[in-house]
Every structure is written in structure tokens, then in C-alpha cells.
Amino acid sequence: MFSAKAKVCGVIGNPVGHSMSPTLHRYISEQMGEDLAYVPLGVKEDLESAVKGAFALGFTGMNVTIPYKQEVMHYLEEIDDTAKGIGAVNTLVRMDKGFKGYNTDLGGLSLSLKDNAIEIRDKKVIILGAGGAAKAVLYMVCQDGASEVHIFNRNVDKANALVEEMAKKTDFSMPIYVDDIAILSQKDRIQHLLRDRYIVFQTSSVGMYPNVSDCLNLDEAFYDRVDAGVDIIYTPLETVFLSKLRQRGVKTLNGLEMLINQGILAWELWTGRKVSEEIKKGAKEEIISFLGLK
Ligand code: ATR
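Residues numbered from 1 in each chain as written. Predicted model: local features only at pLDDT ≥ 70, side-chain atom pairs only at ≥ 80, totals over all residues. Heavy atoms only, no water.

Caption draft 1: Representation of the overall build of the protein chain within the structure. The secondary structure content of the protein chain amounts to eleven helices and twelve strands. Computed over C-alpha atoms, the radius of gyration of the protein chain comes to 20 Å, within 12% of the 19 Å expected from 2.2 N^0.38 for 294 residues, which places it in the range of a compact globule. Burial status across the protein chain gives 52% buried among its 294 residues. The contacts in the protein chain between residues at least 6 apart in sequence include a share of 71% that link residues at least 24 apart. Only carbon and sulfur atoms are counted for the fraction: they give 49% of the accessible area of the protein chain, which is about 14100 Å². With 34 positive and 39 negative side-chain charges, the protein chain shows a spacing of 2 Å between the two charge centroids. (Helix = DSSP H or I, 4+ residues; strand = E, 2+ residues; numbered from the N terminus. Rg over C-alpha atoms; globule rule 2.2 N^0.38 Å. Buried < 20%, exposed > 50% of the residue type's maximum accessible area, 1.4 Å probe, protein only. Contact = heavy atoms within 4.5 Å. Areas by Shrake-Rupley, 256 points an atom, 1.4 Å probe, with all protein chains shown as cover. Lys, Arg positive; Asp, Glu negative; His and termini not counted. Charge placed at Lys NZ, Arg CZ, Asp CG, Glu CD.)

Caption draft 2: Broad picture of the site of the ligand. In the region of the ligand, 13 residues are neighbours, and Ala-130, Gly-132, Asn-153, Arg-154 and Lys-158 sit closest. At 2.8 Å, a backbone N or O of Gly-132 approaches an oxygen atom of the ligand. Take Asn-153: an N or O atom from its side chain is 2.9 Å from an oxygen atom of the ligand. Expressed as a share of its isolated accessible area of 640 Å², the protein-covered part of the ligand is 63%. (Near = heavy atom within 4 Å. Polar contact = N/O pair within 3.5 Å; in protein donor to acceptor, adjacent residues only side chain to side chain.)

Caption draft 3: Here's a closer look at the nonpolar core. Counting 32 residues, the largest nonpolar core has Val-125, Ile-127, Val-141, Val-149, Ile-151 and Phe-201 as its most contacted members. Listing elements by their share of this core, those giving two or more residues are helix H4 (104-115), strand S7 (124-128), helix H5 (132-143), strand S8 (148-153), helix H6 (156-169), strand S10 (198-202) and strand S11 (226-231). Of the residues forming this core, the biggest block, eight residues, is contributed by H5. Counting 26 residues, the second largest nonpolar core, distinct from the first, contains Ile-28, Met-32, Val-275 and Leu-293. (Core = buried A, V, L, I, M, F, W, Y, C linked by side-chain atoms within 4.5 Å.)

Caption draft 4: Spotlight on the pairing of S8. For S8, the tally of buried residues reaches six of six residues, placing the bulk of the element in the interior. Burial along S8 is two-sided: the face carrying Glu-148, His-150 and Phe-152 and the face carrying Val-149, Ile-151 and Asn-153 are both buried. Sheet topology note: the S7/S8 ladder contains five bridges and is parallel. When the bridges of S8 are listed, Lys-124 appears paired with Glu-148. Pairing geometry for S8 and strand S9 (residues 176-180), over five bridges, is parallel. (Pairing = 2+ DSSP bridges.)

Caption draft 5: Quick peek at unusual backbone geometry. For the bond from Asn-14 to Pro-15, the omega torsion is 5 degrees, close enough to zero to count as cis. Examined against the element boundaries, Pro-15 turns out to sit in the loop between strand S1 (7-13) and helix H1 (21-32). Along the chain, Thr-235 connects to Pro-236 via a cis peptide bond; the corresponding omega equals 5 degrees. As for its position among the elements, Pro-236 is in the loop between S11 and helix H9 (240-247).

Caption draft 6: Local environment of the sheet that holds S9. Pairing is parallel across the open sheet formed by six strands, whose spatial order is S9-S8-S7-S10-S11-S12. The outermost strands of the open sheet, each flanked by one partner alone, are S9 and strand S12 (251-253). The sheet shows a mean angle of 20 degrees between the axes of neighbouring strands, direction not considered. Relative to S11, H9 is tilted by about 150 degrees, and along the sheet it contacts S7, S10, S11 and S12. (Axes fitted to C-alpha atoms, helices over the stretch in contact; angles between N-to-C directions.)

Caption draft 7: Highlighting the sheet that holds strand S6 (residues 99-102). The sheet built from six strands is open, its strands ordered S2-S1-S3-S5-S6-S4 with mixed pairing. Since the sheet does not close on itself, it has two edges, and those belong to strand S2 (36-42) and strand S4 (78-79), each with one partner. In this sheet, S6 lies alongside strand S5 (residues 91-94) in antiparallel orientation, the contact comprising four bridges. When the bridges of S6 are listed, Arg-94 appears paired with Phe-99.

Written as C-alpha cells, this is what we have:
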């Protein structure tokens, strides 16, 4: 429970009715003995008034979720460089005159890789998909020193636009290649194009609940090229994509830790405290049970 002196935080989005964030932040605050309240704030329209109103009401911080991660950037006092680079903000921290925006989705992903000993530096990376999640992954792997990046997408123009947008905002120098994902269903083309082993990020929604038996159309030869596989999906905890990799003895990581780590990083920004590994583990169990995951 929290007192009348509690720090107040919340999540702005539309809808927020299924958000796991209130459960996560209640659990962490209780375990850490922090006087912090965290509330769901469904905002149907007028995001500007919502953000300014939260500041006037004395909120310590906020999470921002779909559909407002880009729009919220117009209503902030300051924006962290990484969040500017990705062009999306998911966490607000109270400053003197307004909120500062951060992107802990990216930090959460980076932390999950570190926790699972998946090293990006000097490694070749493949990104499957070119939506919002792919954008954060692309920025992160470039920031973490990948030696080469391949993006495969159905819509090649969309993937090229992603690369161009990032090139405008950053000065990363590794080669970034874009190709049609249809190539990855053809054994000879895979063998011709991909001669090394790669860390692969599955960023599309293919295989997500309820379509849990779906998987991107990837030839078996593709799986042989994978050094470690990451799927941003967490419903189910193991997608068909990850299951195929695990059966080959490849290291795999699902989206759940990223989800939890982005929340923990936000909590740490609001409180200036560090969440212990033990509490992180407990939080993971709490969220698995909250989401009814297996
Ligand atoms: P998010 O913002 O959460 O990443 P998104 O913008 O809908 O979600 O992006 C989903 C990605 O998955 C897109 O790159 C999409 O490919 P297109 O850009 O070609 O539409 C990709 N995707 C979705 N369904 C797919 C499918 N059946 N086969 C291949 N790619 C698919």
C-alpha cells in the first residue's frame, strides 16, 4: 500500500485496460518498500492536456504506451538522445518545468541480452520485420556495435525507409542491407546470401497468440545460420520460431524479459534506486501468472 505522501506514477495509453504495468509496479514497489502509487490512465484524446495535467497534479513519472509513443514527444520539456534517435518515448520523468522523455524499451532489450549473455558487439545481426519494434532493435544493435545488419521484410520500401530515417539521425557506420523476406524461404538464396552465423531478431507479430502455430516462412537452411535467436513476442512464451531454434540447441530469448526490464528501468528512473536480481525474478513470476502464460 502507499501513503498520502506517495510518489504517483501511471501509464497513459488507449486502451490501458489490459496493461501489466500496474501489477508490475505494485509488485516492485511493495518488494522494495517504496511508497509509490501506479495507476492506469486511459486517454482517448487530447494527449497534450493529459500530459500537462499529470505534471500539474504532481506525477513523478509516467509510462506511455500505444498509440502515443511518438505524439507525446511534442509535449515534453526535454528528450533523451536515445529516445530521439528511435523517435519514440515510453517513459516520462518529472523535471522542474515539465517531463523528460526516455525510451526504456530499448534499454530493456539491451539489458535482457546482457543478462542472457547474448553479445552484439562485432556480431552480424538479422532483423525479421520492419515495424516499430524493428526500429528499436535496429537502433539498439547499431548502438551496441553490431558489425553488419540485414533487415528482411515483405515490404522492402518500408525497411529502406527505416534505414534512411535512422541514417538521418545518427552516424553509425556499419553496413545495413535490406532484402525481401521471401528470399529466406529459398535454400540456395540463403546459402548464397548468408555465409556466416547471425544473431536473429524476430520482430513481426507472426506466431503471436491466438495464431500460435504460425511462423514466418523460413527454410530450414536459415535456422542453421542462427547463432542466437530473439523473439519480441511473449504470448506464447515460446513461439514456433524459438522452438525450432531451441531444438537445434541454439540460445533463445523471448519478449517477456524485455517487457519486465523496460518497466524496471522506468521504476529506477523514478526512484533513483536499483531493483535487485531477486526481485526481478519474482516480478517475472508475478507477470507470468498475471498474463496467464505457460
Ligand atoms: P510493430 O510496430 O509492433 O513492430 P507492425 O508495425 O505491425 O508492428 O510491424 C509488424 C512487422 O511484421 C511488419 O514489418 C510486417 O511486414 P510488412 O511491413 O511487410 O507489413 C511484418 N509482418 C506481419 N505479418 C507478416 C507476415 N505474415 N509475413 C511477413 N511479415 C509480416
